[in-house]
Amino acid sequence: MGPFRGIIQDVKGRVECYKQDWVSAFCSGIRLLAPTFYVFFASALPVIAFGEQLHRDTGGSLSTVETLASTAICGIIHSIFGGQPLLILGVAEPTVIMYTILYEFCKNRPELGAKLFLPWAGWVCVWTAFLLIMLAIFNACTVITRFTRIAEELFGMLITVLFFQEAIKGLIAEFGTPKAENPLLEEYQFHWRFTNGLLAIIFSFGILFTAMVSRRARSWRYGTGWLRGFIADYGVPIMLVIWTALSYTLPGKVPSSVPRRLVCPLPWESASLYHWTVVKDMGKVPLVYIFAAFVPAVMVAGLYFFDHSVASKMAQQKEYNLQKPSAYHYDMFLLGVMTLICGILGLPPSNGVLPQSPMHTKSLAVLRRQLIRKKVVKRAKECIQQQGSNSELYGKMQAVFVEMDTAPTVKELENLKEAVMKSNEKDDAKENFDPDKHIDAYLPVRVNEQRMSNLLQSLLVGLSIYAVYIIKMIPTSVLWGYFAYMAIDSLPGNQFWERILLLFIPPSRRYKILEGSHASFVESVPFKTIAAFTILQFVYFLICFGVTWIPIGGILFPLPFFLLITLREHLLPKLFKPNHLQELDAAEYEEIVGAPHIPHNIPPRDKEPHDAESEKCSEDYYDAEILDEMTTHRGELKLRTVSRNNSRSFSHSFSEDRQY
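Our subject in this report is the structure included herewith. (Residues numbered from 1 in each chain as written. Predicted model: local features only at pLDDT ≥ 70, side-chain atom pairs only at ≥ 80, totals over all residues. Heavy atoms only, no water.)

## Quick word on the overall build of the chain
Point 1. The secondary structure content of the chain amounts to 26 helices and seven strands.
Point 2. Sequence separation of at least 24 residues holds for 83% of the intrachain contacts in the chain that already meet a minimum separation of 6. (Helix = DSSP H or I, 4+ residues; strand = E, 2+ residues; numbered from the N terminus. Contact = heavy atoms within 4.5 Å.)

Right under this line is the structure:
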C-alpha cells in the first residue's frame, strides 16, 4: 500500500457507520450506564495510583491531577474522533517508567535540571508524535500481526513484575522518612515511622485480599445473581472506600500524617496550573537537547505503537463478532496528535490500555446479549402459546437475530435450528425446546458498538480532577496494595505464567490438570518441549527486566520486544517443531473443557428464585457470569474445544510422566 492508503481506508470505513455509533447509544438508553461506570472505575483507579507513583518518582513535577487530565482529554478526543470507540485510553505503567527515566536524565544534567524536565519531555512528545504519524502514514500497523502471543505475554509479565516492584518499594518506603520532609518532626520519629509501616502492611494486604475475593463474587454460592454481579463489578472501588474509611478510625493521639496519604496539588494551585503553560518554556531547552530528545522518542514511539495496537486488537477480537471495521492506521495517526497535545500541555500522554479495553468490549457484549435474549425469549414464548410448529418457532427466533442486526453465522443458525427442530431423547421421552432454559447455549456473542460509554467514562475521569480533595484522603499504602492486586489479577490467562506453574507440578500429579479446564497445548505438546520453550521465554524475560534497571539505558527497554520479531521468525522455528510452536505461540487462547463435576440433577443455570421479579433482576448478571467464564482476566475470549484425546484420561503430553 502507498502512503496514507491505510488511513484513507480506515476513515472511509468508519465514516459510513459514524451516525450508527451514536444512534446505537441512544437506543440503549439508561442501560448504557452500567458498562459506563464499570469502565470508569476500572480506568480511574489505576490512573490515580500511577499519579502517586509519578509524584514520588519525578520529585512532584507530575501528580494525579496530570494523569487524570491526560486520560480525560485523550479519552474524550478518541471517543468522538477515534476510529475504534471501544478502545479505552489512559496513562499506563510504561509511560510512568519512561517519564521517570527522563526525569532522572534531566536532574543529572545542569543544562536542564528538574526545572526543564517538563519542557524537555514536551520535546520528546513532539518527536514521538512525529514518529507515530509517520508510522500511520506509511501503514506500519500491518506489522502488528508479526507480534505474536510470546511478545504480548512477555510484555504483560514485565508490567506485572513492575507492579509488584512498585508495591514492594512503596511498602518499604512507608517505614522511612520521605525525602522532602524534615526528619526531626514528631511523625517521623522511629516509633511513628514503625507504626506507619505496620499500618501500611495491614492496609495493603487488606485491600489486596478483599479485592481478590470480591473480584470472584460471581462464582460465590451465596447471594442473588444481582448482588454477586454488583460486588464482582464494583467490589474493588468499594473496598478502596472501606479501607480508606478504616484508616480514619485510629486513636486521636496518633499524628494526622499516620498513615501517610496521597500527595498532589489541587487543580487550582500554582503547581497544577503551571502545566498548562509548559509550551512557553520549551524554547528554553538548549538546541542540542531538542535534537537529543529524538533518541528517547524512538523508544516511546515504539512502545506506544506496540501497546496501543495490542490493546486495540484485544478490544476487537474476532470472537466478539464486531460488525464495524477496524481503524488501526487512523487510530495510530490520532494517537500521534494526542501525544503532541499532551506534550505541549505538560501532561504524560495516554495510549490504549489493557485490560480496560477488552473489559469495555466485554461489558458491552453483556448488554447486547441481554437485549437479544429478552427479545428472543419473548418471541419464542408467543409462538409456543399459539401452538406454533418447530419450524415457525425457529423462524421467529431467526427473525430476531436478523432484526437486531446480529448477522448470525451459518454455523450459529444451524446449531439453533438443530436444537429447535430435533427433540432430545431422554428415557424414551421427548423434551421440547424451552427458550428460557435452552436459549443461552445458542446466543451469539454480540457487542453494542457505540461511542457514548467511552465518552461518558472519560468525562467522569475529567470530573474526578475536581474531587482531588477527596482522593487525597486515600492512604498511599492502599495504593500499594492495589498495585499488587493489579499484578496478581493479570496473571490468570497468561499462558507464560501457566506454563511456569506447570513446571513445578510433580510428574505423578500432572494428570490432575486434565480433569479441569486447561489450555490446548497441554494435550498436544510433549512436556519436555513445553519446559524448554518456557525456560527460553523466562531467560528472555529476565533480559527484558534487566534492561529496566540500567541507569539511563533503561529507556531502551522496549527494544527487546521488537527483536522478538526476528527471533520468532528465524530462530524459534529451528529449535521447535512447527506444530508445537504453533500451539505454544497461538494467536488465540484455546481451552479444552475438563470433565464436568456438576451433578446431572442440577440444571446449568443457577438455582435462583423463579418468580418474575427475581428472574428479571438476576438474568443480566447471569449473562455477565457466562462471559466471565468465556474470557481470561486480560479480556481474551477463550476458544472452547473438545479434548483431542477421546478417552479423556491422559494425553501423549503427560502420559509418559504419570507414576502409579
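Once you've had a look at it, read on.
## Some thoughts on the nonpolar core
Point 1. Counting 138 residues, the largest nonpolar core has Leu112, Phe117, Trp120, Leu154 and Phe483 as its most contacted members.
Point 2. Of all hydrophobic cores here, the second largest spans eleven residues; its members include Trp22, Leu86, Tyr320 and Leu364. (Core = buried A, V, L, I, M, F, W, Y, C linked by side-chain atoms within 4.5 Å. Buried < 20%, exposed > 50% of the residue type's maximum accessible area, 1.4 Å probe, protein only.)

## A look at empty space enclosed by the protein
Gaps between atoms show up when a probe of the same size as a water molecule is rolled over them.
Point 1. The final tally for this structure, using the stated rule, is six cavities of 30 Å³ or more.
Point 2. Approximately 890 Å³ is the volume attributed to the largest cavity.
Point 3. For the largest cavity, the lining is made up of 47 residues, of which Leu354, Pro355, Gln356, Met359 and Met486 are closest to its centre.
Point 4. The set of elements that each furnish at least two residues to the lining of the largest cavity consists of α3 (33-57), β1 (89-90), α5 (93-107), α7 (149-173), α9 (225-246), α12 (294-315), α14 (356-385) and α20 (476-489). (1 Å grid on protein atoms, 1.4 Å probe; cavity = no way out; pocket = protein on both sides within 12 Å on 5 of 7 lines; lining within 4 Å. Points joined across faces, edges and corners; volume = space filled by probe spheres on them.)

## Thoughts on the environment of phenylalanine 117
Point 1. Inspection of the secondary structure puts phenylalanine 117 in helix α6 (residues 117-137).
Point 2. Setting aside chain neighbours within four positions, we find phenylalanine 117 in contact with Thr58, Ser61, Leu62, Tyr99, Leu102, Tyr103 and Cys106.

## Things to note about the pattern of salt bridges
Point 1. Summed over the entire model, instances satisfying the criterion amount to 13 salt bridges.
Point 2. For arginine 451, the salt bridge goes to aspartate 21, with nearest N and O atoms at 3.0 Å. Here the residue arginine 451 occupies a position in the loop between α17 (435-438) and α18 (452-464), and aspartate 21 occupies one in helix α2 (residues 18-28), the gap between them amounting to 430 residues.
Point 3. Given a relative accessible area of 0%, aspartate 21 falls into the buried group.
Point 4. Lysine 313 is paired through a salt bridge with glutamate 152; the nearest N and O atoms lie 2.7 Å apart. Remark: glutamate 152 occurs in helix α7 and lysine 313 occurs in helix α12; sequence separation between them is 161 residues.
Point 5. Among the residues examined, lysine 313 registers a relative accessible area of 28% and is labelled partly exposed. (Salt bridge = Lys/Arg side-chain N within 4 Å of Asp/Glu carboxyl O.)

## Some words on the packing of helix α4 (residues 64-81) against helix α13 (residues 328-344)
Point 1. α13 packs onto α4 with a crossing angle of 145 degrees between their chain directions and a minimal axis gap of 11 Å. Between α4 and α13 lies a crossing of right-handed hand. Contacts between α4 and α13 involve Ser70, Cys74, Ile77, His78 and Phe81 from the first element and Tyr330, Asp331, Leu334, Met338, Ile341 and Cys342 from the second. (Axes fitted to C-alpha atoms, helices over the stretch in contact; angles between N-to-C directions. Left-handed = near helix turned anticlockwise from the far one by under 90°.)

## Considering the environment of glycine 113
Point 1. With respect to the secondary-structure elements, glycine 113 resides in the loop between α5 and α6.
Point 2. Sequence-wise, glycine 113 and tyrosine 103 are ten residues apart; in three dimensions their C-alpha atoms are separated by 8.7 Å.
Point 3. Not counting residues up to four positions away in its chain, the partners in contact with glycine 113 are Cys106 and Lys107.

## Digging into the side chain of serine 70
Point 1. Tracing the backbone shows serine 70 in helix α4.
Point 2. The exposure class assigned to serine 70 is buried, which follows from its relative accessible area of 0%.
Point 3. At 2.8 Å, the side chain of serine 70 forms a polar contact with the side chain of serine 350.
Point 4. With near-sequence residues (within four places) excluded, serine 70 lies in contact with Val91, Cys342, Leu347, Pro348, Pro349 and Ser350. (Polar contact = N/O pair within 3.5 Å; in protein donor to acceptor, adjacent residues only side chain to side chain.)

## A closer look at the layout of surface pockets
Point 1. Roughly 1,400 Å³ of volume is contained in the second largest pocket.
Point 2. Surrounding the second largest pocket, 44 residues form its lining, Gln53, His55, Arg56, Asp57 and Lys179 being those nearest its centre.
Point 3. Only α3, α5, α7 and α20 provide two or more residues apiece to the lining of the second largest pocket.
Point 4. With eight residues, the top contributor of residues to the lining of the second largest pocket is α5.
Point 5. Here the lining of the second largest pocket is built from residues that sort into 16 nonpolar, 15 polar and 13 charged. (Nonpolar A, V, L, I, M, F, W, Y, C, P; charged D, E, K, R; others polar.)

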